Structures are given as C-alpha cells and as structure tokens.
2 protein chains.
Amino acid sequence: MTVTIKDIAREANVSFSTVSKALNDSPLVKEPTKQRILALAKEMGYEINTSAKILATGKSNAVGIYCPEITDQQYAVYVLEVSRELRQRGFLPCISSSSYDDAKEMFSRLKVACVIVADDQEIQFPNTDFVYHPFSGNADDQEKNHYTLKRDAALKAASLLNHSGHRTALILSEFHSDWLYRTLKRDSEFNTINHLQVNNNDIDRLYTSLKNTLDQTIPDAIICSSRNLAELTFVVGKSLGLKIPEDCSVIAFDGNVSSDSPVSLFGYSSKKMAAATADYVYAVINKREYHYVNLNPEMTLNYTVKL
Amino acid sequence: MTVTIKDIAREANVSFSTVSKALNDSPLVKEPTKQRILALAKEMGYEINTSAKILATGKSNAVGIYCPEITDQQYAVYVLEVSRELRQRGFLPCISSSSYDDAKEMFSRLKVACVIVADDQEIQFPNTDFVYHPFSGNADDQEKNHYTLKRDAALKAASLLNHSGHRTALILSEFHSDWLYRTLKRDSEFNTINHLQVNNNDIDRLYTSLKNTLDQTIPDAIICSSRNLAELTFVVGKSLGLKIPEDCSVIAFDGNVSSDSPVSLFGYSSKKMAAATADYVYAVINKREYHYVNLNPEMTLNYTVKL
DNA sequence: CTGTTAGCGCTTTCAA
DNA sequence: TTGAAAGCGCTAACAG
C-alpha cells in the first residue's frame, strides 16, 4: 500500500500535521524532529499525493506546454529545452501535442499555473491566468519574438553578404513560404534578387529546377529557407562543378541554429528562446520583475560562405 | 469562483450526491432529473475537479507517454499519433520528454494507468502497473516490435530487389549505425554487398566519399539507412549522370513510411504502430483479450526502384 | 430513485 | 514547538 503522512506520523509518534509541516520544511517544527521525520519518510518510501495537495491548496507548480506540431524539428527542440529549463526553476513541465481539447483538459487537471504555446497560431486557453505565445506574430512588441527575430536574422545575414561583396542572390523557398523573399526583396541591398520556389518532396523536380536556374546564371549567394534545401543545393552545386563558396555562397535560415551544421545558417537559437521563456514564466508566476532579454539573431558561418 | 457539485445541488434542489451520480451518468438517477442537472451544470459552467476525483477514486484515465528523444522525427510522429488514438479510446494522453524524474513525477501526479515508452531503451517506471516498450529490442516476442520489424522490412526489400534482378548492393549508413549492413550481409541474396558509412553532418565529405565510391563501380542498388541519405544519394547520382533507376535503384529505410516520399522507402508505419499500441493499452487496462496484430513491414515504391 | 455520511491525503488555522 | 480539527471537491456505500 501507499505510505501516507498518517503512517509516518504513527511511526514517528507525532501528529500528522507535524509531519505535513516537516515535509514542507516549515519553520514551525524543531530541527531534530524535522530531520527525524524526513529520514523516516525517505525510509518508508513516502511519495506525496499530488491530487490531495492540489485539492487542499488549490495550487500546482505544473506548467503546460502546448505544441500541436511537435513533428516540426524546431518546435521539438524548443519544447525539449523549455522543459529542461522549467524543471530547473522548480516547475513541472507537461506537454500536450494532441487536440486542443485534450490539452485543455490535461492542463486543467494539473491546475497549471501557465501555458506556453509552441506554435505560430495564437491559441488561447480561457481558464488559465497566463498564456504565453513566444512564436506568434502578434506577441507584444516589448520583446523580440520568433516572428520579428527571423526577419532580423535574415536582414543581418543579407547585410553581411552585401558587405562582403555579394550583389546578386537567389532565394530558394518551399512553395508555401515566401517570407524570406519578401523580407529580403524589401530591405536588403542586393542588386538582383530572384525567387525559386520548390516542392521539398519532389526531389527530382527540385534538382531539375535548381539546375536549370543555375545553368543560366550563378548568383553570388543562394539563400535558402531551410537547412534541408541548403544541403540539397550544396550537392547540386557541387555536381554542377560550382566552387562553393568561391563561385557562390550558400546559407540557410534555421529555427534552431547550432554549430554542428554542414551549411552556414542564420536564424535564432531555440535553446536560447527556451531559456528566455522559462525566465519570463518564472518572473510572472512569482510576480517578480522581468527584464526582457533581447534575443539576438544567430549565425553559424562556415566554409559555405565567402567573406 | 469555481462551480462545484454543491452549487449545482443547491440550484437544482437535490442533494449533491445526486448531482455526482447524474454527472457520472449513473442509472440510479431518474432521466428527467439527470437531464435537468446536466443542463444546469452546463449553464453554470461546471468543470470537474480532477484532483478531487482522483483523490476519491484512486483512479485516472490518464496514460503517460515518455519520449526523451522527441526531436527524432520518427518518435515525434509516433507520439502524435498515439496521442490521437488514445484520445479516441477515452484516455487522456500526457507526454513527457524531459528528464526521467520529471516524467515519473508527472505520471504519478496524474495517476496514470499505463506508461508507453517511445524509446529504444527499456526504461522502467516502478510504480506503474503497466509499462509498454514498443520500440525496445527485448519486448516479448509475442508481437512484432520495432526492432524485429525493421529487420523484416529490410529483408523484404532486399528480397524484392533480388527477385527483380539486383545482384550488387551498396549500403549507405551513418557512422553509428550498422544494423542494415549486418542484416543484409547475413540474410539477403546479393552477390556483392558493400558498406559505406558517412557522417550526415559533413555533407562535403559525404559527397566526395559517395562520388568516389560510385566512380569505381555502380551497384545495382543503393540501400540507405535513412531517407535523408537517400535524397542526397539521389542528387549525387543524378549529378554523376546516373540514370535512376535504370543504372541503379535507390531505396531507404524509414521509421515512418508514408506515401509522400520522393524516394522509395521500406520500414514500418509509425501511425500503424500507434494504433496497435492504443488497442493494446485499451485491452490491458480494460482487462479485455487482445489479439496481437502483426504489424507488417511497409514499402513505398516509386520511380527510384527498377522492377 | 434520492439523501446521508464517511472518507480519499493533504494543508492550514487555531488552540494548547 | 506541537496537536486537533476543519475542509478542499468528489465518490461510494448505505439507508431511506
């Protein structure tokens, strides 16, 4: 059977309320008694019944993380990392990636103090005091969020390329996405900027389109909207006898810039976002002041870019 | 303030235990009364307090899913899918992908009836009645698990290739993995079978090694240990003027075989595994008989294989 | 069919 | 410094 505070109380010859206090490290119980109880609890294999605790207090240290698109690498890294960070700050992270209703129910069961939405949709959780949307486009402008950040990163990368003599660029994106092209078209200093949109799943066509495009003109830089596209571009480039980066630099956006990438990247670090999120959550829940950390665009430059 | 069954009881002029029964759809309460109470509950915005319910019953319909490597696409798909399937069967899926201790605590809070370990390690959860390891190598041999399944799939693919005249093969794997080569070396009917191991992150070397290898001899088939490797192989092959599949077929193992892949795949379907898992969990928890479904190796063949 | 009552394990006054 | 007692919201006998 499970061990309760009553069992411990009996063994320790104290009342069960004393045990409760000892277990919560209350100053109202004498140190030796406390130690004795703690030791006994450990020995007897006591585990707190959280339902009872939540019922009695109406509080919980659980934090919900809602991530409907966990199969997206970027969110997965963020979720993993934010879990770790929350845990370090004494919270209990609880992920839901099934339906919205599921998430709502689970979070309400756990009486979460906060839910973090790892998605670009601004999903709401009505009965939660505090819902945070680090990835949504409309987040309060006090801080840099994902949306602003990826544009900043793109512009920073473009600026670097411009300053190192890159004058023409080819933007390679997936069909559904044109933010990169739009951003660079408007705010960068390339003389010529072309856009090639491809279907990531049709590798044969991708190869052909890219080859045809490069057969006509070689841009100074190929800027891809994902790491995967950049890897394929790299191989296609090599196969066309292109010297990378002498003839043409290759760089890509990535939502999880890290140092072990084979191609140069710009973007942001999901890990750092995660740490910032955890700090923010901690501050809000504990009603502390929070100093917004400006997350910076990140870049990993390696031999695929000519500087 | 939150609405409790007592509030409803007062409004409805019944005792609160009647409300409890009505809310649990007990046959012990007259239909009109039940309807009245249900309507009232809805109107008043009643939400059950799960902590109280768990405390009172000692039971919960929550199922834990432990997935430490959620950034692995294959597990991510599985987790997503198993969540959906469990939900459909009336369970509440709860994912943890942080530390083991986190997971244990969260699962104990939720009083999960079962935990599913989405990992190849056979991780145990001591205080849970029922822990299921669909991805571990040592699972009971009553059913085909991930481990058996990937070998079966590889052999089935090899057999198909053999029967359609492929006599020589090049196995392309990442450095840390040689199961594919070992399996095919031992049990397939290729005359010649070579192994090239590459580092997925060093795309430049990957290109060179693969090019050098193919410059010497062209195998009838290139069998890759991941979809990503196959995509790169495809592009390298094209760039060398290789006609795919006339000169050489390309196929890859994938833990999540689906029809939208640009290259031919063999492996299994995480989605089907997920459905089987959910069935199994349902049967065990409800003490029903379970008929093991033999999950079958899956294949997606498209133009990259010559038949 | 409906109501009464006694807990589930814990926290938290309040009294000793 | 400790203990007694009430109560968090709900379920589950049992009695009516």
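This structure is a prediction, so every number in the text was calculated from the model and none was measured. (Residues numbered from 1 in each chain as written. Chains lettered and ligands numbered in written order. Predicted model: local features only at pLDDT ≥ 70, side-chain atom pairs only at ≥ 80, totals over all residues. Heavy atoms only, no water.)

### Considerations on the domain arrangement of chain A
No. 1: In terms of domains, chain A is made up of domain 1 (5-47), domain 2 (57-141) and domain 3 (146-268).
No. 2: Distance from the C-alpha centre of domain 1 of chain A to the C-alpha centre of domain 3 of chain A: 63 Å. (Domains from an automatic or database assignment.)

### Structural notes on the packing of helix α10 (residues 227-239) of chain A against helix α10 (residues 227-239) of chain B
No. 1: For the pair α10(A) and α10(B), interaxial distance at closest approach is 9 Å and the crossing angle is 25 degrees. Classified by the interaxial angle, the pair formed by α10(A) and α10(B) is roughly parallel. Helix-helix and strand crossings are classified by hand; for α10(A) and α10(B) the assignment is right-handed. Residues Asn228(A), Glu231(A), Leu232(A), Val235(A), Val236(A) and Ser239(A) of α10(A) form the contact with α10(B), whose own contacting residues are Asn228(B), Glu231(B), Leu232(B), Val235(B), Val236(B) and Ser239(B).
No. 2: Of the residues belonging to the contact of α10(A) with α10(B), the class tally is six nonpolar, four polar and two charged. (Axes fitted to C-alpha atoms, helices over the stretch in contact; angles between N-to-C directions. Helix = DSSP H or I, 4+ residues; strand = E, 2+ residues; numbered from the N terminus. Parallel < 35°, antiparallel > 145°, perpendicular 65-115°, else oblique. Left-handed = near helix turned anticlockwise from the far one by under 90°. Contact = heavy atoms within 4.5 Å. Nonpolar A, V, L, I, M, F, W, Y, C, P; charged D, E, K, R; others polar.)

### With respect to the interface of chain A and chain B
No. 1: Counting from both sides, the interface comprises 53 residues of chain A and, opposite them, 53 residues of chain B.
No. 2: In total, chain A and chain B occlude about 4800 Å² of area from one another, counting both sides; carbon and sulfur atoms represent 57% of this.
No. 3: Across the chain A-chain B interface, the total number found is six salt bridges.
No. 4: A salt bridge links Lys238(A) to Asp204(B), with the shortest nitrogen-to-oxygen separation between them at 2.6 Å.
No. 5: Joining chain A to chain B, the criterion identifies eight residue pairs in polar contact (both at pLDDT 80 or more).
No. 6: Those elements giving two or more residues to the side of chain A that touches chain B turn out to be α4 (50-57), α5 (73-88), β2 (92-96), α6 (100-109), α9 (203-216) and α10 of chain A. (Buried area = accessible area lost by both parts, 1.4 Å probe. Salt bridge = Lys/Arg side-chain N within 4 Å of Asp/Glu carboxyl O. Polar contact = N/O pair within 3.5 Å; in protein donor to acceptor, adjacent residues only side chain to side chain.)

### With respect to the sheet that holds strand β10 (residues 298-300) of chain A
Residues and elements named next belong to chain A.
No. 1: Reading across from one edge, β6-β5-β7-β8-β9-β10 is the order of the six strands in this open sheet, with mixed pairing throughout. Only two strands of the sheet have a single neighbouring strand rather than two, namely β6 (192-198) and β10. Across the sheet, the mean angle from the axis of one strand to that of its neighbour is 20 degrees, orientation sign disregarded.
No. 2: Note that strand β8 (residues 249-254) and strand β9 (residues 264-267) share four bridges and pair parallel. For Ala252, the partnering residue across the bridge sits in β9 and is Leu265. (Pairing = 2+ DSSP bridges.)

### A short note on the protein's contact with DNA strand D
No. 1: Neighbouring DNA strand D are 26 residues; Thr18(A), Lys21(A), Leu28(A), Ser20(B) and Tyr46(B) lie closest to it.
No. 2: For DNA strand D, the fraction of protein-proximal atoms (within 4 Å) that sit in sugar or phosphate groups is 67%.
No. 3: Thr33(A) has a polar side-chain atom sitting 2.8 Å from a phosphate oxygen of DNA strand D.
No. 4: For the surface near DNA strand D, the secondary structure elements donating two or more residues are α2 (16-23) and α4 of chain A together with α2 (16-23) and α4 (50-57) of chain B. (Near = heavy atom within 4 Å.)

### Remarks on the protein's contact with DNA strand C
No. 1: Taken together, 25 residues sit near DNA strand C, with Ser20(A), Tyr46(A), Thr18(B), Lys21(B) and Leu28(B) positioned nearest.
No. 2: Here a phosphate oxygen of DNA strand C and a backbone polar atom of Asn49(A) are 3.4 Å apart.
No. 3: For DNA strand C, a phosphate oxygen lies 3.5 Å from a polar atom in the side chain of Lys53(A).
No. 4: When residues of the surface near DNA strand C are traced back to their parent elements, those giving at least two are α2 and α4 of chain A together with α2 and α4 of chain B.
No. 5: Residue composition of the surface near DNA strand C, grouped by class: 12 nonpolar, 10 polar and three charged.

### Some thoughts on the relation of the copies chain A and chain B
No. 1: Overlay of chain A on chain B (RMSD 0.2 Å): rotation 180 degrees, translation along the axis 0.0 Å. Here the transformation between the copies is reduced to the relation of a two-fold axis.
No. 2: A shared binding surface is used by both copies, with 100% of the interface residues of chain A retained as interface residues in chain B. (Least-squares fit on C-alpha atoms with pLDDT ≥ 70 in both.)

### Section: unusual backbone geometry
No. 1: Geometrically, the link from Ile244(A) to Pro245(A) is a cis peptide bond, its omega value of 10 degrees lying close to zero.
No. 2: With respect to the helices, strands and loops of the structure, Pro245(A) is situated in the loop between α10 and β8.
No. 3: For Asp25(B), which is not glycine, the phi torsion reads 55 degrees and is therefore positive.
No. 4: Along the chain, Asp25(B) falls in the loop between α2 and α3 (31-44).
No. 5: Residue Lys111(B) is not a glycine yet carries a positive backbone phi of 50 degrees.
No. 6: The residue Lys111(B) is located in the loop between α6 (100-109) and β3 (114-117) in this model.
No. 7: By relative accessible area, Lys111(B) is classed as partly exposed at 30%. (Buried < 20%, exposed > 50% of the residue type's maximum accessible area, 1.4 Å probe, protein only.)

### Some details on the pairing of β6(A)
All names here are of chain A.
No. 1: The pairing of strand β5 (residues 168-174) with β6 spans seven bridges and is classified as parallel. Within β6, the residue paired with Leu172 across the bridge is Leu196.
No. 2: Crossover β5 to β6 through helix α8 (residues 179-187) is right-handed. (Right-handed = clockwise from strand over helix to strand, strands pointing away.)

### Digging into the packing of aromatic side chains
Residue and element names in this part refer to chain A.
No. 1: Applying the stated criterion across every chain, the model contains 26 aromatic pairs over all chains.
No. 2: On the numbers, 6.4 Å between centres and 65 degrees between planes, the contact of Tyr66 with Tyr100 is edge-to-face. Taken together, the positions of Tyr66 in strand β1 (residues 62-66) and Tyr100 in helix α6 put the pair 34 residues apart, joining distant regions of the chain.
No. 3: Positioned over the ring face of Phe16 is Lys6, at 5.6 Å from the centre of the ring. (Phe/Tyr/Trp six-rings, centres within 6.5 Å; stacked < 30°, edge-to-face > 60°. Lys NZ or Arg CZ within 6 Å of the ring centre and 35° of its normal.)

### Quick look at the environment of Glu69(B)
No. 1: As for its placement among the helices and strands, Glu69(B) is situated in the loop between β1 (62-66) and α5 (73-88).
No. 2: Residues contacting Glu69(B), with those up to four places away along its chain left out, are Tyr75(B) and Asp119(B).

### Concerning a nonpolar patch on the surface
No. 1: A cluster of nonpolar side chains, namely Leu160(A), Leu301(A) and Leu307(A), defines an oily patch on the protein surface of about 260 Å² accessible area.
No. 2: Take Leu301(A): it is sitting in the segment after β10. (Patch = residues over 30% accessible without salt bridge, like charges linked within 9 Å, V, L, I, M, F, W, Y side chains within 5 Å. Areas by Shrake-Rupley, 256 points an atom, 1.4 Å probe, with all protein chains shown as cover.)

### A look at the packing of helix α9 (residues 203-216) of chain B against α10(B)
Residue and element names in this part refer to chain B.
No. 1: Across the interface, α9 lies against α10 with an axial gap of 10 Å and an inter-helix angle of 55 degrees. The orientation of α9 with respect to α10, classified from their angle, is oblique. The way α9 lies across α10 gives a crossing that is right-handed. Between α9 and α10, the contacting residues are Ile203, Leu206, Tyr207 and Leu210 on the first element and Leu229, Leu232, Thr233, Val236 and Ser239 on the second.
No. 2: For the contact of α9 with α10, the per-class residue count stands at seven nonpolar, two polar and no charged.

### Some thoughts on the environment of Arg89(A)
Residues and elements named next belong to chain A.
No. 1: Note that Arg89 resides in the loop between α5 and β2.
No. 2: Along the primary structure Arg89 and Lys306 are separated by 217 residues, whereas in three dimensions their C-alpha atoms are 42 Å apart.
No. 3: Beyond its immediate sequence surroundings of up to four residues, Arg89 is in contact with Ala275, Ala278, Asp279 and Tyr282.
No. 4: Polar contacts involving the side chain of Arg89 include one to the main-chain carbonyl oxygen of Glu85, which spans 2.8 Å.

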